[in-house]
Amino acid sequence: MQDDVMYKERMLFEFEELVTKISNTKKEIERMKTQEEEDLLFDQVSAMEEYKRILAIRILTEMGRYDASNSK
C-alpha cells in the first residue's frame, strides 16, 4: 500500500518538475543566438511535451479519471 502511494506521489512530483523544465527551456530558446542551438532546444521541448502527455495519462489512469476512448 505504501509503495502505491509513493509511486503516485513520485508521478505527480515528476510531472511538476517536467512542467518547470519545459518552461525554463522555452525561456532559454528565446535567448539563443544560433538557429542550431534553438532547433536543438526546440526538439528537447517537443520530447518533454510528449513525455508530459504520457505522464498525465498515467496519472489520470491511476486516479480512474482517464477514458481511452476519448483520446487521439
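Going by the structure above, here's the rest.
Keep in mind it's a predicted model, so treat the numbers as computed, not measured.

Visitor: Explain helix H1 (residues 2–31) to me, and be specific about the residues and the numbers.
Guide: Helix length check: H1 (30 residues) gives 44 Å between terminal C-alpha atoms against 44 Å at 1.5 Å per residue, within 8%. Those residues of H1 that fall on the buried side of the exposure criterion are Met11, Leu18, Ile22, Thr25 and Ile29. Against the buried residues of H1 lie helix H2 (35–62).

Visitor: How would you summarise the pattern of salt bridges if you had to cite specific residues and measurements?
Guide: Applying the stated criterion across every chain, the model contains 6 salt bridges. Of the charged contacts, one joins Lys8 and Asp4 as a salt bridge, the two residues approaching to 3.3 Å between their closest N and O atoms. With Lys8 and Asp4 both in helix H1 and 4 residues apart, the pair spans about one turn of that helix. Under the relative-accessibility criterion, Lys8 is labelled partly exposed at 31%. Under the relative-accessibility criterion, Asp4 is labelled partly exposed at 35%. Salt-bridge contacts for Arg31 lead to Glu28; the nearest nitrogen and oxygen are separated by 3.1 Å. In this pair, Arg31 and Glu28 are both assigned in helix H1, 3 residues apart and thus about one turn of the helix distant. Connected via shared salt-bridge partners are Asp4, Lys8 and Glu62.

Criteria and thresholds
- Residues numbered from 1 in each chain as written.
- Predicted model: local features only at pLDDT ≥ 70, side-chain atom pairs only at ≥ 80, totals over all residues.
- Heavy atoms only, no water.
- Helix = DSSP H or I, 4+ residues; strand = E, 2+ residues; numbered from the N terminus.
- Expected span 1.5 Å × (residues − 1).
- Buried < 20%, exposed > 50% of the residue type's maximum accessible area, 1.4 Å probe, protein only.
- Contact = heavy atoms within 4.5 Å.
- Salt bridge = Lys/Arg side-chain N within 4 Å of Asp/Glu carboxyl O.

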